Amino acid sequence: EDKVVQSPLSLVVHEGDTVTLNCSYEVTNFRSLLWYKQEKKAPTFLFMLTSSGIEKKSGRLSSILDKKELFSILNITATQTGDSAVYLCAVEAYNNNDMRFGAGTRLTVKP
Amino acid sequence: DVKVTQSSRYLVKRTGEKVFLECVQDMDHENMFWYRQDPGLGLRLIYFSYDVKMKEKGDIPEGYSVSREKKERFSLILESASTNQTSMYLCASSFQGRGYGYTFGSGTRLTVV
């Protein structure tokens, strides 16, 4: 059965810290891995990763995929209180129309 | 601004009531999805639809049904609400092809008492 496992489930840091969120997966016919940020409302898209070893960056956020070891990491540098959210990892497969989501990592950034 | 709109942000219903959750998207997406989100369990797929009048069961379809009479609208129906259906319900949509990701609605927090 396909599965996506995120760790840690929750994390508390202080402003300015750097955090690394993990996502491992077991999916047949892997197509892509996506990261979303969910604050109080709808999850919003961060990154889509399809190729191993190519880092994607957006400001202080970056992500990379390892298709051999079946995991991805999401890094956030110089964290701010506005980074507090649940970060969701999801995986798409070629043979499915839907995505498989992990349980999410709840990040809390304290001033 | 393109969006997915869920009709209610918060909803309180009684056990045994029939509940309708509505979702409308204005992006001409073929695919639409209903998930429920519970602490520690993440998002679990209830049903999805890849075309008008087409539907497929997800991981947890029991106790739910869906309707897609028009491309832009996807309804989730709780035939007889139960307390274990208290949850956050998220609607999402996407294009038919692969790798476009989802656009999510803001969610409906349903409490069944």
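Here, the structure is the one placed above.
Calculation notes
- Residues numbered from 1 in each chain as written.
- Chains lettered and ligands numbered in written order.
- Predicted model: local features only at pLDDT ≥ 70, side-chain atom pairs only at ≥ 80, totals over all residues.
- Heavy atoms only, no water.
- Pairing = 2+ DSSP bridges.
- Helix = DSSP H or I, 4+ residues; strand = E, 2+ residues; numbered from the N terminus.
- Salt bridge = Lys/Arg side-chain N within 4 Å of Asp/Glu carboxyl O.
- Buried < 20%, exposed > 50% of the residue type's maximum accessible area, 1.4 Å probe, protein only.
- Core = buried A, V, L, I, M, F, W, Y, C linked by side-chain atoms within 4.5 Å.
- Contact = heavy atoms within 4.5 Å.

1. Some thoughts on the pairing of strand β7 (residues 64-70) of chain B
Residue and element names in this part refer to chain B.
And step 1. Here five bridges tie β7 to strand β8 (residues 73-78), and the two strands are oriented antiparallel to one another. Paired with Tyr 64 across the two strands is Leu 78, which belongs to β8.
And step 2. Hairpin remark: β7 followed by β8, antiparallel, with two residues in the connecting loop.

2. Comments concerning the pattern of salt bridges
Residues and elements named next belong to chain B.
And step 1. With the rule as written, the count across this model stands at nine salt bridges over all chains.
And step 2. In this structure, Lys 71 engages Asp 28 in a salt bridge whose closest nitrogen and oxygen atoms are separated by 3.0 Å. One end of the pair, Lys 71, is in the loop between β7 and β8; the other, Asp 28, is in the loop between β3 (19-25) and β4 (31-38), with 43 residues separating them in the sequence.
And step 3. Judged by its relative accessible area of 26%, Lys 71 is partly exposed.

3. Quick word on the environment of Met 27 of chain B
All names here are of chain B.
And step 1. Checked against the element boundaries, Met 27 lands in the loop between β3 and β4.
And step 2. Judged by relative accessible area, Met 27 falls into the buried class, the value being 11%.
And step 3. Sequence spacing of Met 27 and Ser 93 is 66 residues, and the spatial spacing of their C-alpha atoms is 8.5 Å.

4. Focus on the nonpolar core
Side chains that are nonpolar tend, in soluble globular proteins, to be buried together.
And step 1. By size, the foremost hydrophobic cluster in this structure holds 23 residues, and its most contacted members are Tyr 25, Leu 33, Trp 35, Tyr 87, Val 91 and Leu 107 of chain A.
And step 2. Within the residue set of this core, elements represented by two or more residues are β3 (19-26), β4 (30-38), β5 (44-49), β7 (61-66), β8 (71-76), β9 (85-93) and β11 (105-110) of chain A.
And step 3. Of the residues forming this core, the biggest block, five residues, is contributed by β9 of chain A.
And step 4. Once residues within four sequence positions are removed from consideration, Val 91 of chain A is found in contact with Val 4, Tyr 25, Val 27, Phe 30, Ser 32, Leu 33, Met 99 and Arg 100 of chain A.
And step 5. With 21 residues, the next largest nonpolar core counts Val 19, Met 27, Trp 34 and Tyr 47 of chain B among its residues.

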